[in-house]
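# Analysis of the macromolecular model
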Amino acid sequence: MKSQDTPFEGGPLDGRVLPVLLGLTGHPPKVYRVPVPDAAGGPPTVLVYRRVQSGRSKRLGLHQGWKYAYDPEGRAGGGPRWPWSGPRAGNGGATPGSHADG
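The paragraphs below set out a description of the structure included in this document. (Residues numbered from 1 in each chain as written. Predicted model: local features only at pLDDT ≥ 70, side-chain atom pairs only at ≥ 80, totals over all residues. Heavy atoms only, no water.)

## A word on the overall build of the protein chain
To keep things clear, this is the line we draw: Only runs of H or I of at least four residues qualify as helices and only runs of E of at least two qualify as strands under DSSP, and these elements are numbered from the N terminus. Think of it in three bands: residues with accessible area under 20% of the maximum for their type are buried, residues over 50% are exposed, and the middle band is partly exposed, with areas taken using a 1.4 Å probe on protein chains only. Residues count as neighbours in contact if any of their non-hydrogen atoms are within 4.5 Å of one another.
Tallying secondary structure elements over the protein chain gives zero helices and five strands in all. Its helices and strands in sequence order give the protein chain the pattern β-β-β-β-β, from N to C terminus. When each of the 102 residues of the protein chain is scored for burial, the buried share is 18%. Pairs at least 24 apart in sequence give 28% of the contacts found in the protein chain among residues at least 6 apart.

Structure (structure tokens):
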């Protein structure tokens, strides 16, 4: 499989460049989860990084590559949004909660 050296920003992996396996489309995964074992033998802590654009070229505005940004909340998501799916919990969007008037 093909891999690409990808920089990480924020969190414990800040400033590191790690090889990340590419998918069938030639892009790294949208979400990169890193399990960190607990020193006391408890369940591992999972660090979540989200793929973002590394930058754009000045002249033509072309895509320059990918990097990973730390997501401290570790929100679930990143999958496809289907029209028949209900709202995601805690999306913070314009859709009101259960009762908007009361």
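After that view, the rundown keeps rolling.
## A look at the pattern of salt bridges
Pairing is possible between side chains of opposite charge, provided their charged atoms come close. The test is simple: One speaks of a salt bridge when a side-chain nitrogen belonging to Lys or Arg is within 4 Å of a carboxyl oxygen belonging to Asp or Glu.
Taken as a whole, this structure holds two salt bridges when the rule is applied. As a salt-bridge pair, Glu9 and Lys67 come within 3.2 Å of each other at their nearest N and O atoms. Placement of Glu9 in strand β1 (residues 3–9) and of Lys67 in strand β5 (residues 66–70) is noted, with a sequence separation of 58 residues between them. Using a relative accessible area of 18% as the deciding quantity, one classes Lys67 as buried. Asp71 serves as the salt-bridge partner of Arg50, at 3.0 Å between the closest nitrogen and oxygen. Here the residue Arg50 occupies a position in strand β4 (residues 45–53), and Asp71 occupies one in the segment after β5, the gap between them amounting to 21 residues.

## Considering the sheet that holds strand β2 (residues 17–21)
Defined as follows: Here, any two strands with at least 2 DSSP bridges between them count as paired. Inter-axis angles, ranging from 0 to 180 degrees, are taken between N-to-C directions of lines fitted to C-alpha atoms, where helices are fitted over the stretch in contact.
A sheet is described by the order of its strands in space; here five strands give the open sequence β2-β1-β5-β4-β3, paired in mixed fashion. Across the chains shown, the open sheet's two edge strands, defined by having one partner strand only, are β2 and β3 (31–36). With direction set aside, neighbouring strand axes in the sheet form an average angle of 40°. Bridging between β1 and β2 involves five bridges; their strand directions are antiparallel. Its bridge partner being in β2, Asp5 is matched across the sheet by Pro19.

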